[in-house]
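So the chains spell out like this:
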Amino acid sequence: MRYALFLGCFIPMRLPHLEAVSRRVLPQLGVELTDIDGFSCCPEPVGFLTDKITGLAIAARNICLAEETGLDILTLCNGCTYTLRQANQILKQDSALREKVNDILAETGHKFKGTVDVRHYAQVLSRDIGRIKSIVKKPLTGIRVACHPGCHILSPPEAMGFDDPLNPTVLDSMVETLGATPVDWDKKTGCCGWTLTNYDDRESANRLLGEKLGAMHAAASDCSTVICPQCFYQFDTGQMLAARELKLDYRVPTIYYLQLLGLAIGLNLDEAGVKLHRVRDPALEEKLGRLAA
Amino acid sequence: MAIKAVYRDDEGGRSGAAEICLKCGVCCNVAHSCHVMNDHKFNPRYTFVYDCLTSEKGASNPNIWLCVSCHKCEETCPYEVSPVHFIESLKGDALDAGWVHQTIRAEVNQIITTGFAFPLTGATERQRQALNLRSVPLPPLTDLMKIAEKTHIAERLREDKQ
């Protein structure tokens with residue numbers, strides 16, 4: 001399986017350790033990654049909802065670059081997936097809109113044809129759980145994980161095609177395959193709050209974050225896992241920044257799913273990038289270290 | 001299932017659908033943001049019904065910027081009213097009226113002029129080098145400028161057009 005790797009903005013510009021672990025782990029599952037120069041921001045979905053036609057044209061230009069290589073796009077981010085999958089689907093279905101977007105793109109030399117698909121890596125991996133299981137060398141036995149799939153990989157389900165938005169279980173299955181224990185927790189489908197921090201409402205974002213962390217803690221989670229860099233940032237840096245305001249007397253570390261997978265296939269905490277996190281728990285790291293020994 | 005792409009072209013449909021809203025409140029129970037906002041200032045039912053049917057300057061309601069398009073309201077609405085699409089269409093109206101949130105204005109400008117929503121910092125560059133990652137290749141900005149010229153987005157982002 002060869003894909004055009006779409007990094008987006010947030011991972012390469014803010015969380016490069018997640019890019020590093022993704023590049024290291026995905027090929028071990030037979031997912032070959034091809035870099036394509038020229039990709040821009042997807043564009044960021046909430047911002048470009050103000051002007052859908054410009055957003056569609058920028059998304060279409062990115063899809064065109066993949067079409068020109070004949071490769072489907074693989075994303076590492078829920079937001080990129082949300083933008084690109086919807087744009088791809090809309091432009092494949094609506095010929096009038098496709099014509100309009102191609103007219104906008106004409107001077108760039110690109111033309112949307114609708115010949116490739118866009119997938120988040122979780123959509124690829126979850127279709128072949130057996131393959132994940134086959135490479136696990138250090139099962140994460142006894143690690144209790146609160147799975148947070150995030151909003152934009154779930155909805156709208158007719159475009160995203162990943163999981164039930166009101167009762168998601170796919171990420172739990174992916175975690176279980178690693179030998180860890182997905183916990184049943186309240187607030188699982190709620191927003192992480194990251195987007196709200198951009199719109200001058202940090203206080204509300206923190207309250208949303210606090211509700212989620214409280215529910216994870218109440219379910220005796222050792223950590224959470226996410227498949228989106230913005231959710232990761234909110235649960236890691238966001239938790240560190242909000243801890244005092246939230247009066248947290250506990251911490252819930254978060255681990256991006258491909259880091260968790262990396263640990264289960266034998267990477268150490270340093271190699272998986274966990275030592276670069278803002279919220280770290282010595283007890284969790286001691287457990288993980290013991291499992292890796 | 002087809003996805004409806006550009007809702008704001010359908011003013012009649014927008015008002016018609018808003019009229020079938022029963023104000024049952026289901027969307028307010030599931031839209032997570034509603035629970036945590038100070039003074040309950042965000043409420044998808046209030047925002048779109050009020051703005052579509054009763055307000056002369058609906059798109060100026062600052063609450064619309066607090067919708068993160070999680071689609072939870074859409075998934076649970078028993079009458080398929082889809083508040084999220086109304087709120088998105090109001091954001092489009094806000095663009096035309098010059099009332100776009102400053103964060104949106106800055107972000108869209110940043111993407112058009114640099115290709116990315118977030119700038120590359122020296123710290124990240126050093127971290128990338130330490131991780132043996134290649135430099136981030138910049139997209140050809142001429143492409144993005146050509147798109148922006150065609151859609152007149154920069155001009156439409158200007159404030160106070162009314």
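Residues numbered from 1 in each chain as written. Chains lettered and ligands numbered in written order. Predicted model: local features only at pLDDT ≥ 70, side-chain atom pairs only at ≥ 80, totals over all residues.

*Asks:* What's the story with the nonpolar core in this structure? I'm lost.
*Replies:* Proteins that are soluble and globular tend to have nonpolar side chains buried together. Residues and elements named next belong to chain A. One finds Ala60, Ile63, Ile73, Phe232, Tyr257 and Leu260 to be the most contacted residues of the largest nonpolar core, which totals 134 residues. Of the residues forming this core, the biggest block, nine residues, is contributed by helix α4 (residues 52-69). Among all residues touching Phe232, those that are not within four sequence positions of it are Leu15, Leu18, Val226, Thr254 and Tyr256. (Core = buried A, V, L, I, M, F, W, Y, C linked by C-beta atoms within 7 Å. Buried ≥ 20, exposed ≤ 12 C-beta atoms within 10 Å, placed from the backbone. Helix = DSSP H or I, 4+ residues; strand = E, 2+ residues; numbered from the N terminus. Contact = placed C-beta atoms within 7 Å.)

*Asks:* Quick question: what am I supposed to make of the packing of helix α12 (residues 202-218) of chain A against helix α13 (residues 229-246) of chain A here?
*Replies:* In a pair of packed helices, the angle between the axes and the distance between the axes together describe the arrangement. Residue and element names in this part refer to chain A. Axis separation between α12 and α13 bottoms out at 10 Å; the angle between their running directions is 100°. Here α12 lies roughly perpendicular to α13, going by the angle between them. Residue-level contacts link Asn206, Leu209, Gly210 and Leu213 of α12 to Gln234, Gly238, Gln239, Ala242, Glu245 and Leu246 of α13. Considered class by class, the residues forming the contact of α12 with α13 number four nonpolar, five polar and one charged. (Axes fitted to C-alpha atoms, helices over the stretch in contact; angles between N-to-C directions. Parallel < 35°, antiparallel > 145°, perpendicular 65-115°, else oblique. Nonpolar A, V, L, I, M, F, W, Y, C, P; charged D, E, K, R; others polar.)

*Asks:* Sorry, what's going on with the confidence of the model for chain B here?
*Replies:* Do not read the fine detail of predicted coordinates wherever pLDDT is low. Residues and elements named next belong to chain B. Model confidence for chain B is summarised by a mean pLDDT of 80, while 78% of its residues fall at 70 or above. The spread of mean pLDDT over the elements of chain B runs between helix α3 (residues 32-36), the lowest at 64, and helix α8 (residues 122-130), the highest at 95. With pLDDT under 50 throughout, residues 1-9 is counted as low confidence; its partners more than four residues away or in other chains account for 21 contacts. Taken together, the chains of this predicted complex give a pTM of 0.93 and an interface ipTM of 0.91. (pLDDT = per-residue confidence, 0-100.)

*Asks:* Would you explain the domain arrangement of chain A in this entry?
*Replies:* One widely used convention gives an interface's size as the accessible area the parts lose upon coming together. Residue and element names in this part refer to chain A. Split into domains, chain A comes out as domain 1 (2-122) and domain 2 (137-292). The straight-line distance from the C-alpha centre of domain 1 to that of domain 2 is 25 Å. Listed per partner, the contact involves 24 residues of domain 1 and 24 residues of domain 2. Only α1 (10-14), α2 (16-25), α3 (45-48) and α5 (78-93) provide two or more residues apiece to the side of domain 1 that touches domain 2. Each residue belonging to the side of domain 1 that touches domain 2 can be placed in one class, and the counts come to twelve nonpolar, nine polar and three charged. (Domains from an automatic or database assignment.)

*Asks:* Explanation requested: the interface of chain A and chain B in the structure shown.
*Replies:* Contacts between the two partners involve 57 residues from chain A, matched on the other side by 54 residues from chain B. Take the side of chain A that touches chain B: its biggest share by element is six residues, from α4(A). When grouped by side-chain class, the residues that make up the side of chain A that touches chain B number 28 nonpolar, 15 polar and 14 charged.

*Asks:* It is not clear to me how the sheet that holds strand β7 (residues 223-226) of chain A should be interpreted in this structure. Could you clarify?
*Replies:* Strand pairing in a sheet relies on backbone hydrogen bonds. The paired strands run either parallel or antiparallel. Residues and elements named next belong to chain A. An order of β6-β5-β7-β8 is seen for the four strands of this open sheet, with the pairing classed as parallel. Each edge of the open sheet carries a strand with a single partner, namely β6 (181-182) and β8 (254-256). In this sheet, β8 lies alongside β7 in parallel orientation, the contact comprising three bridges. Of the residues in β8, the one forming a bridge with Thr225 is Ile255. (Pairing = 2+ DSSP bridges.)

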